[in-house]
Amino acid sequence: MKFFIDTANLDQIREAQALGILDGVTTNPSLMAKEGITGKENIINHYRAICEIVDGDVSAEVIATDFEGMIQEGEALASLNPQIVVKIPMIKDGIKACKYFSEKGIKTNVTLIFSSGQALLAAKAGATYMSPFVGRLDDISTDGLGLISEIRLIYDNYGFKTQILAASVRHTMHIMDCAKIGADVITGPLSAIEGLLKHPLTDIGLAQFLSDYKKGN
Ligand code: G3P
């Protein structure tokens, strides 16, 4: 199971990388804007900076919504670094672009997936990754994790190689539920990943070990 961090914040990316368990980074235009990264040049430089910090795949999203525009933008992004994965919206021209990139050997991440039908199309188009948004479905009283299960079943039925990248993961239990279902990747905030570290019995046990050590030394 791969762990990606879902942020454009370089400090958080460094912190996750230092933990030694980071497999990649996902970004989107909203996450870039949150960090105050605006303008084509600055955004490109930010992708370069992220690639220098991490070893794994870095999703960089196209802004164009037409086929030609997505191809032009995606090829420019892919040429920045072999780690770049071209992130494409789940729309008709996005599926066409995904097929084009897949035939060219350029890695893709089809984003904004909210149904198993969309997931099926992304796999048929040869996507490297596809991103179902777990938290945003939960937000509207729809079972986000249920969608991950459905997609796992469909992909396993046909042996699709497209990796299920569970996105909009908001907390630690989302990660654990995705692990049980068999998502290939989760992407979420550092806080959700760090939540996996925590158990009160670990803290109590460690305090006891240290106090017993002090008694004999
Ligand atoms: O990876 C997708 C993600 O950035 C969306 O997360 O929390 O805005 O739904 P959220």
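Scroll up to find the structure this text is about.
Residues numbered from 1 in each chain as written. Predicted model: local features only at pLDDT ≥ 70, side-chain atom pairs only at ≥ 80, totals over all residues. Heavy atoms only, no water.

**Q** Just to check I follow, could you spell out the packing of aromatic side chains for this structure?
**A** Working definition: an aromatic ring pair is given by the centre-to-centre distance plus the angle between the planes. For the structure on display, the rule yields six aromatic pairs. Pairing F4 with Y129 gives two aromatic rings, centres 5.6 Å apart and planes at 70°, and the pair type is edge-to-face. With F4 in strand β1 (residues 2–6) and Y129 in strand β6 (residues 129–132), this residue pair connects regions lying 125 residues apart in the sequence. In terms of burial, F4 and Y129 fall into one category: buried. Ring geometry for Y158 versus F160: centroids 6.1 Å apart, planes at 50°, classification tilted. We classify Y158 as exposed; its relative accessible area is 61%. Its relative accessible area of 22% is what places F160 among the partly exposed residues. Site record: aromatic cluster; members linked through ring pairs are F67, Y100 and F101. (Phe/Tyr/Trp six-rings, centres within 6.5 Å; stacked < 30°, edge-to-face > 60°. Helix = DSSP H or I, 4+ residues; strand = E, 2+ residues; numbered from the N terminus. Buried < 20%, exposed > 50% of the residue type's maximum accessible area, 1.4 Å probe, protein only.)

**Q** What is the right way to read the sheet that holds strand β5 (residues 108–113) from this model?
**A** In sheet architecture, strand pairing relies on hydrogen bonds along the backbone and comes in two forms, parallel and antiparallel. An order of β1-β2-β3-β4-β5-β6-β7-β8 is seen for the eight strands of this closed barrel, with the pairing classed as parallel. When the angles between neighbouring strand axes are averaged without regard to direction, this sheet yields 30°. With four bridges connecting them, β1 and strand β8 (residues 185–188) associate as parallel partners. Of the residues in β8, the one forming a bridge with F3 is I186. In the packing of helix α4 (residues 67–78) onto the sheet, contacts are made with β3 (57–61) and β4 (84–89), and the angle to β4 comes to roughly 160°. (Pairing = 2+ DSSP bridges. Axes fitted to C-alpha atoms, helices over the stretch in contact; angles between N-to-C directions. Contact = heavy atoms within 4.5 Å.)

**Q** It is not clear to me how the packing of helix α8 (residues 144–158) against helix α9 (residues 172–181) should be interpreted in this structure. Could you clarify?
**A** If you want to describe how two helices pack, look at the angle between their axes and the distance between the axes. Put simply, α8 and α9 touch, their axes get as near as 10 Å, and they point 20° apart. Taken together, the axes of α8 and α9 are roughly parallel relative to one another. Seen along the crossing, α8 lies across α9 with a hand that is right-handed. Between α8 and α9, the contacting residues are L145, I148, S149 and R152 on the first element and H174, D177, C178 and I181 on the second. For the contact of α8 with α9, the class distribution of residues is four nonpolar, two polar and two charged. (Parallel < 35°, antiparallel > 145°, perpendicular 65-115°, else oblique. Left-handed = near helix turned anticlockwise from the far one by under 90°. Nonpolar A, V, L, I, M, F, W, Y, C, P; charged D, E, K, R; others polar.)

**Q** Before we go on, may I ask you to explain the site of the ligand in this structure?
**A** Surrounding the ligand, one finds D6, N28, L31, F133, R136, A167, S168, R170 and T187. Contacts to the ligand include R136, whose side-chain N or O atom sits 2.7 Å from an oxygen atom. Protein chains bury 81% of the 310 Å² of accessible surface belonging to the ligand in isolation. Residue composition of the shell around the ligand, by class: three nonpolar, three polar and three charged. (Near = heavy atom within 4 Å. Polar contact = N/O pair within 3.5 Å; in protein donor to acceptor, adjacent residues only side chain to side chain. Areas by Shrake-Rupley, 256 points an atom, 1.4 Å probe, with all protein chains shown as cover.)

**Q** I keep staring at the pattern of salt bridges and nothing clicks. Help me out?
**A** Any two side chains of opposite charge can pair, given that their charged atoms come close. Summed over the entire model, instances satisfying the criterion amount to 10 salt bridges. Among the ionic pairs, D11 bridges to R14, the shortest N-O distance being 3.0 Å. A residue pair is termed a helical-turn pair when its members lie 3 or 4 positions apart in one helix, as D11 and R14 do in helix α1 (residues 10–19) at three residues. The partner of D156 in a salt bridge is R152, and the shortest N-O contact between them spans 3.2 Å. One end of the pair, D156, and the other, R152, are both in helix α8, four residues apart, so they sit about a helical turn from each other. Under the relative-accessibility criterion, D156 is labelled exposed at 51%. (Salt bridge = Lys/Arg side-chain N within 4 Å of Asp/Glu carboxyl O.)

**Q** Please clarify how a nonpolar patch on the surface should be interpreted in this entry.
**A** On the surface, a nonpolar cluster with roughly 240 Å² of combined accessible area is contributed by M173, M176 and L196. Mapped onto the elements of the fold, L196 is located in the loop between α10 (190–194) and α11 (200–216). (Patch = residues over 30% accessible without salt bridge, like charges linked within 9 Å, V, L, I, M, F, W, Y side chains within 5 Å.)

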